Amino acid sequence: TESKYRRCGGDLKTRITELGSVVTGSPLTAVLPTTGKKSIVLSSETRKELAKQAKVTKEERRAQIDERHRYLISRLADGIGLSEQQVEEAIICDDKFQLIEQFFAPNGLKKLLFFYQDVLQQKSNASLRSDGSTTSLLQKKLFFTMGSTENFTGICAFFLRTSEKVISASNISQEVNFGIFGCTNGNILQGLEFFLSQIMIPALKSQQNWGAVKEGLKNSQIQDFLYSVDKFVGTLSSSRQNIEDKIELTKVDIDIYISNLQNPSDYITAG
């Protein structure tokens, strides 16, 4: 029994980051999913050990937070409408926390993406914990994403690097851009149209500094670029409206049409 417990515990240590709710230290986490249909019900001692390890991991990550992290947290809190404490807790509990350091590094990640949206989360039923029963709840959650695996249905907050420099506390406000892209009820095209037409295009048309290009807004290439962006938004708007005005089929009760069909020949005739 003792060796079995050590083996199970050792395996669990390597999978802490896979247990989303365990990282929060929730005492209700009682079931470890497996590749099969069955679930392993964890003992109270194992749950306590996991909670202890999760707490240590969180505190280690919290100790790593510096002024650069604070800048990101502040922007996210303002943009999404959460408190800085809520954002910090979500970040240090996320198994992709290490992406931040990769973003800050010289020649590092070009972007950091966050989704804030409803996520189906499973929690153990405390009263039925011994048999591993769970309930599923839709809850708003802020989490890191690579943008390729999770469906986008809410708000996307993003940070973009503008150079290959190491990101420091002194240059983060100049080297990192922040933006919010909304996708209400999963309507990505409408969100993209609003983002481009109401945010990006006005910002581009008011920009005075175009790098090495002198008198940017008077430059023919810049003017062609802005014209192309305007044209793209117009095409996007038209396509979105066409999709929204698509033909919708009405549900038809076919019982009245097939009630008299008794044998194969009747079906052939009806076809």
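Refer to the structure printed above.
In this report, we go over the structure that sits alongside the text. (Residues numbered from 1 in each chain as written. Predicted model: local features only at pLDDT ≥ 70, side-chain atom pairs only at ≥ 80, totals over all residues. Heavy atoms only, no water.)

Turning our eyes to something else, we now look at the overall build of the chain. Within the chain one finds ten helices and six strands. Put simply, the chain has 271 residues, and 31% of those count as buried. For the chain, the proportion of contacts with a sequence separation of at least 24, taken over those separated by at least 6, is 61%. Total accessible area computed for the chain in this model is approximately 17700 Å², and 54% of it derives from carbon and sulfur atoms. (Helix = DSSP H or I, 4+ residues; strand = E, 2+ residues; numbered from the N terminus. Buried < 20%, exposed > 50% of the residue type's maximum accessible area, 1.4 Å probe, protein only. Contact = heavy atoms within 4.5 Å. Areas by Shrake-Rupley, 256 points an atom, 1.4 Å probe, with all protein chains shown as cover.)

On to the nonpolar core, then. Side chains that are nonpolar tend, in soluble globular proteins, to be buried together. In this structure, Ile91, Leu112 and Phe114 are the most contacted members of the largest nonpolar core, which totals 27 residues. Breaking this core down by element, the ones donating at least two residues are helix H3 (67–80), helix H4 (84–92), helix H5 (99–104), strand S3 (111–124), strand S4 (134–145) and strand S5 (155–161). Per-element tally for this core: the top contributor is H3, with six residues. Filtering out sequence-adjacent residues up to four positions away, Leu112 remains in contact with Leu72, Leu99, Ile100, Phe103, Phe144, Ala157, Phe158 and Phe159. (Core = buried A, V, L, I, M, F, W, Y, C linked by side-chain atoms within 4.5 Å.)

Moving on: the pattern of salt bridges. Within the structure shown, the criterion is met by twelve salt bridges. Through salt bridges with shared partners, a single network forms among Lys58, Glu59, Arg62, Arg70, Glu88 and Glu89. (Salt bridge = Lys/Arg side-chain N within 4 Å of Asp/Glu carboxyl O.)

The next thing to look at is the packing of H3 against H4. Packed helices, taken two at a time, are described by their axes: the angle between them and the distance between them. Where H3 meets H4, the closest approach of the two axes is 9 Å, and the angle between their N-to-C directions is 120 degrees. Considering their axes alone, H3 and H4 lie oblique with respect to each other. At the point where H3 passes H4, the crossing takes the right-handed sense. For the pair formed by H3 and H4, the contact residues are Arg70, Ile73, Ser74, Leu76 and Ala77 on the first element and Glu84, Val87, Glu88 and Ile91 on the second. Here the contact of H3 with H4 is built from residues that sort into five nonpolar, one polar and three charged. (Axes fitted to C-alpha atoms, helices over the stretch in contact; angles between N-to-C directions. Parallel < 35°, antiparallel > 145°, perpendicular 65-115°, else oblique. Left-handed = near helix turned anticlockwise from the far one by under 90°. Nonpolar A, V, L, I, M, F, W, Y, C, P; charged D, E, K, R; others polar.)

Before going further, it helps to spend a moment on the packing of aromatic side chains. Applying the stated criterion to the full structure yields nine aromatic pairs. On the basis of an interplanar angle of 80 degrees and a centroid distance of 5.9 Å, the ring pair of Phe115 and Phe143 is categorised as edge-to-face. Taken together, the positions of Phe115 in strand S3 and Phe143 in strand S4 put the pair 28 residues apart, joining distant regions of the chain. Neither residue differs from the other here; Phe115 and Phe143 are each classed as buried. Both rings, one in Phe152 and one in Phe181, keep their centres 5.6 Å apart while their planes meet at 40 degrees; by these two values the pair is tilted. Pair noted here: Phe152 is in the loop between S4 and S5 and Phe181 is in strand S6 (residues 176–182), with a separation of 29 residues, a long-range link. Through successive ring pairs, a cluster of aromatic residues spans Phe115, Phe143, Phe152, Phe158, Phe181 and Phe195. (Phe/Tyr/Trp six-rings, centres within 6.5 Å; stacked < 30°, edge-to-face > 60°.)

Our focus in this paragraph is the environment of Lys58. Within the secondary structure, Lys58 sits in helix H2 (residues 44–64). Considering only alpha carbons, one finds Lys58 and Ile91, 33 residues apart in sequence, at a separation of 9.5 Å. Within the structure, the side chain of Lys58 is placed 2.7 Å from the side chain of Glu89, a separation counted as a polar contact. (Polar contact = N/O pair within 3.5 Å; in protein donor to acceptor, adjacent residues only side chain to side chain.)

Let's shift gears to helix H7 (residues 188–205). For H7, which comprises 18 residues, the first-to-last C-alpha distance of 24 Å matches the rise-based estimate of 26 Å (1.5 Å per residue) to within 8%. Along H7, the helix axis deviates most sharply at Leu196, where the bend reaches about 35 degrees. Taken as a whole, H7 has its buried residues at Gly191, Glu193, Phe195, Leu196, Ile201 and Leu204. Where H7 is buried, its residues touch S5, S6 and helix H8 (220–244). If you check the start of H7, you find a side-chain oxygen 3.1 Å away from the backbone N of Gln190, and it comes from Asn187. (Expected span 1.5 Å × (residues − 1). Bend = angle between axes of the 7 residues up to and from the residue.)

It is worth spelling out the pairing of S5 at this point. The two faces of the sheet receive side chains in turn, since in a regular strand these alternate between them. In terms of residue burial, S5 counts as a mostly covered element, since five of its seven residues are buried. Here S5 pairs with S6 via seven bridges, running antiparallel. When the bridges of S6 are listed, Cys156 appears paired with Phe181. (Pairing = 2+ DSSP bridges.)

One turn of the α-helix equals 3.6 residues, which is why residues spaced by three or four share an orientation. Given a rise of 1.5 Å per residue, 14 residues ought to cover 20 Å, and the 20 Å separating the end C-alpha atoms of H3 matches this to within 8%. For H3, the set of buried residues is Arg68, His69, Tyr71, Leu72, Ile73, Ser74, Leu76, Ala77 and Ile80. Remark: Gly81 follows H3 within two positions and exhibits a positive phi of approximately 95 degrees.

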